[in-house]
Amino acid sequence: MMPFDPFLLLPLVKCLLILGLVLTVVPGMLFVERRGSAWMQNRLGPNRLGPFGLIQPVADAIKLIFKEDFVPEHVNKFFYAMAPFACMLPSLLTFAVIPFAAPLVLGDRIITFQVADLDVGVLFILAIVSLGIYGIMMGGWAANSKYSMLGALRSASQMISYELAMGLSLVSMLLIYSTVDLGQMAEWQGRTLFSLGPLAIPSWGILLQPVAFVIFFTSTYAETNRLPFDLPEGESELVAGYHLEFGSMKFASFMLAEYSNMFTASGVTVALFFGGWQLLPGMGYLLDLVPLTGLGHDIARVAFQGTAFMIKVCFFMWTFVWIRWTLPRFRYDQLMDLGWKVLLPLSLLNLFVTAVLIYGGVY
Amino acid sequence: MQVKIQRPFFQRFYLVEIFTGLWITIKKVILHRTVTIQYPEQRRNYSERFRGLHYIKSVQGVENCTACMLCPTVCPALCIHIEAGEKANKEKYPVKFDIDLLRCIFCGMCEEACPEDAIKLSNIYEMAIPKRQVIHKEFLDIQRGKDKAGHIPKLKGKGVQPNRVDFPEAGLKVGPVNPRAAGPKESY
């Protein structure tokens, strides 16, 4: 009998860690969203429960869990029950391929800091993200209400339109990195683009491809159904859109999906355009100050890289809130115009120019 | 008719305007200022001329009211009901002084009409009751400390007492005046 290898448990540990991280970020994000929006509007926000109202998400969660799981008469019971999970699953899945630190060499083993070190990397993300639409469609259809139906329809057309621009902007990134593996992409971005005295400017994706970044960033907002593209749930015209007829934990699952989608979108944005786990300026000096050698230093490096990654992700999470409470919602035809008439040609042009530049040896 | 608005170049280019907007909102977060009054803990300082809950002024334990019936006469909402009685020294006094607070419009005309400076309006504004009954029925009983029905909710707890400038004479307990910790300085 073979001796038990503790490394076999590693994927499980990583799974639980990432899942725990995503599920912890969601209530934190809810809190930040409520307080942040309040502050932007000269309000206070929830401040009664605990210090600074920090217990508020817990109270919300308890309320949602213990609420009656009411199922309306007119719904398609099977799809009605399935939709929240179909919505939540892809959003939780996507984070599996995002690396949050460089691989750690432990003897003859290499520990990667992502749940699944897939060769398809970015393509996996694109594939899974487009699955999320099924949950929304299912929810809108099963609820059998015209508001939900309209919301789901809008969501479907919106997500399909913006996936094109998003995919094309990604292709130009793939041309530059010449890999689809997210770990290798993050490593690639550690190169020095040019030096300004002692300051080495890293070749992060945003510096190489600002146009692709703008297109990708805009598309992620459309993909996650956040303002200014939250037409699927536009309160003023559709009440709540596709999750109108859902209550208690089913509704919470939709919210969970939305917020974990935001987390994943931030993670992908960071991995592709902001150097992934590459250290932030100044952190390299701090890491050199750590009085450790060998494995200890490597572990410190992993901790630093994880922190750098999380700081970047947190910034983009905040940007989601920030933009939501700044910009008004797009009108539906404006949304389609932007997707098809601006972003798609722009991303095609960007792709063409990038290809020409690579052929000319600029990159 | 179609109106064509000519916007400056940078306004037509959407991104610049987005950043302008983002700057406005982040400024609000950095310089976080609210005008919220956290009600039970903080209270708004109303003017001394604010017309709130009535009381009968008393000097050294003797109520000024002589039951002259001028206030029920002048009251446009017909909410004051007085039952007059006679003291041992033949002086007229109100046995019952009922004010139907649901009818009262807090116009302050009773205060103006009163020749004895007896009925006055304080700046207590918390008069909510759980039931729709004729509240403040035993108006004087409350003031005389015999409010058995407890029609007027007792103000309890720390910092709950509102600012009662002239209430000591009314014979009610006066809590510590709680100046508002935040919010605009001027009174309303």
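Residues numbered from 1 in each chain as written. Chains lettered and ligands numbered in written order. Predicted model: local features only at pLDDT ≥ 70, side-chain atom pairs only at ≥ 80, totals over all residues.

**As for the overall build of chain B**
Helices and strands together make up the secondary structure of chain B, namely five helices and six strands. Sequence-ordered secondary structure for chain B, helices as α and strands as β, is α-α-β-β-β-α-β-β-α-β-α. Here chain B, with 188 residues, has 21% of them falling under the buried criterion. Sequence-distant contacts, at least 24 apart, represent 70% of the contacts inside chain B between residues at least 6 apart. (Helix = DSSP H or I, 4+ residues; strand = E, 2+ residues; numbered from the N terminus. Buried ≥ 20, exposed ≤ 12 C-beta atoms within 10 Å, placed from the backbone. Contact = placed C-beta atoms within 7 Å.)

**Some words on the overall build of chain A**
Secondary structure assignment for chain A yields 14 helices and four strands. Computed over its C-alpha atoms, the radius of gyration of chain A comes to 22 Å, within 12% of the 21 Å expected for a compact globule of 363 residues. Burial status across chain A gives 40% buried among its 363 residues. Contacts in chain A between residues far apart in sequence, at least 24 positions, make up 77% of those at least 6 positions apart. (Rg over C-alpha atoms; globule rule 2.2 N^0.38 Å.)

**Overview of the interface of chain A and chain B**
With 10 residues of chain A in contact, the opposing surface of chain B contributes 12 residues. Broken down by element, the side of chain A that touches chain B gets its largest block of residues, three residues, from helix α1 (residues 10–40) of chain A. Split into classes, the residues belonging to the side of chain A that touches chain B amount to six nonpolar, three polar and one charged. (Nonpolar A, V, L, I, M, F, W, Y, C, P; charged D, E, K, R; others polar.)

**Describing unusual backbone geometry**
In this structure, A:F52 is a non-glycine residue whose phi angle is positive, near 60°. Within the fold, A:F52 resides in the loop between α1 and α2 (56–66). A count of 12 C-beta atoms within 10 Å places A:F52 in the exposed class. Positive phi is not limited to glycine here, since B:D117 has a value of about 55°. Tracing the sequence through the fold places B:D117 in the loop between α4 (109–113) and β6 (119–121). By the C-beta count within 10 Å, which is 11 here, B:D117 ends up exposed.

**Section: the environment of A:S37**
Residue and element names in this part refer to chain A. Mapped onto the secondary structure, S37 falls in helix α1. The spacing of S37 and W325 is 288 residues in sequence and 6.1 Å in space, taken between C-alpha atoms. Setting aside residues no more than four positions away along its own chain, S37 makes contact with V321 and W325.

**Quick notes on the packing of helix α6 (residues 146–177) of chain A against helix α14 (residues 332–359) of chain A**
Residues and elements named next belong to chain A. Orientation of α6 relative to α14, taken along the N-to-C sense of each, is 15°, at an axis distance of 9 Å. It follows that α6 is roughly parallel to α14 by the angle criterion. By crossing handedness, the relation of α6 to α14 is classed as left-handed. (Axes fitted to C-alpha atoms, helices over the stretch in contact; angles between N-to-C directions. Parallel < 35°, antiparallel > 145°, perpendicular 65-115°, else oblique. Left-handed = near helix turned anticlockwise from the far one by under 90°.)

**Examining the pairing of strand β5 (residues 92–99) of chain B**
The side chains of a regular strand alternate, first on one face of the sheet and then on the other. Alignment of strand β4 (residues 80–86) of chain B against β5(B), held across seven bridges, turns out to be antiparallel. Across the sheet, residue B:I82 finds its bridge partner in β5(B), namely B:F97. (Pairing = 2+ DSSP bridges.)

**Observations regarding the environment of B:K96**
Residues and elements named next belong to chain B. Its place among the elements puts K96 in strand β5. With 15 C-beta atoms counted inside 10 Å, the residue K96 sits in the partly exposed group. In this structure, the C-alpha to C-alpha distance between K96 and R12, residues 84 residues apart in sequence, is 74 Å.

**A few points about the environment of A:L153**
Residues and elements named next belong to chain A. On the secondary structure map, L153 appears in helix α6. Here L153 falls in the partly exposed class, since 17 other C-beta atoms lie within 10 Å of it. The sequence separation of L153 and Y242 amounts to 89 residues, and the corresponding C-alpha distance is 8.9 Å.

**Some thoughts on the confidence of the model for chain B**
Residues and elements named next belong to chain B. Looking at chain B, the pLDDT average stands at 70 and 66% of residues meet or exceed 70. For chain B, per-element mean pLDDT is lowest for helix α5 (residues 139–143), which scores 60, and highest for helix α3 (residues 70–74), which scores 91. Scored below 50 in pLDDT, residues 147–188 makes 72 contacts in the model with residues more than four places away or belonging to other chains. In the model output, the complex is listed with pTM 0.76 alongside ipTM 0.75. (pLDDT = per-residue confidence, 0-100.)

**Things to note about α14(A)**
One full turn of an α-helix is made of 3.6 residues, so residues set three or four places apart face in the same direction. Residue and element names in this part refer to chain A. Taking 1.5 Å per residue, 28 residues should reach 40 Å; α14 reaches 39 Å between its end C-alpha atoms and fits that length. The axis of α14 is deflected most strongly, by about 30°, at L343, and proline P345 appears within four residues downstream. Buried within α14 are the following residues: L335, L338, G339, L343, S347, N350, L351 and T354. Following α14 by one or two positions, G361 has its phi on the positive side, about 80°. (Expected span 1.5 Å × (residues − 1). Bend = angle between axes of the 7 residues up to and from the residue.)

**With respect to α1(A)**
A rise of 1.5 Å per residue sets the reference length of α1(A), with its 31 residues, at 45 Å; its end C-alpha atoms lie 43 Å apart and thus fit the reference within 8%. Looking at α1(A), one finds that the buried residues are A:V25, A:V26, A:M29, A:F31, A:R35, A:G36, A:A38, A:W39 and A:M40. Close packing links the buried residues of α1(A) with α2, α11 (248–273) and α13 (295–324) of chain A together with α2 (14–30) of chain B. Looking one or two residues past α1(A), A:N42 carries a phi angle of roughly 60°, positive in sign.

**Structural notes on the packing of α11(A) against α13(A)**
Residue and element names in this part refer to chain A. Remark: α11 packs on α13, axes separated minimally by 9 Å, with the N-to-C direction vectors making an angle of 125°. It follows from the interaxial angle that α11 and α13 lie oblique. Our pair here, α11 against α13, has a crossing hand that is right-handed. Residues M262, F263, S266, G267, T269 and V270 of α11 lie in contact with α13, whose contacting residues are F309, K312, V313, F316, M317 and F320. The residue inventory of the contact of α11 with α13, partitioned by class, reads eight nonpolar, three polar and one charged.

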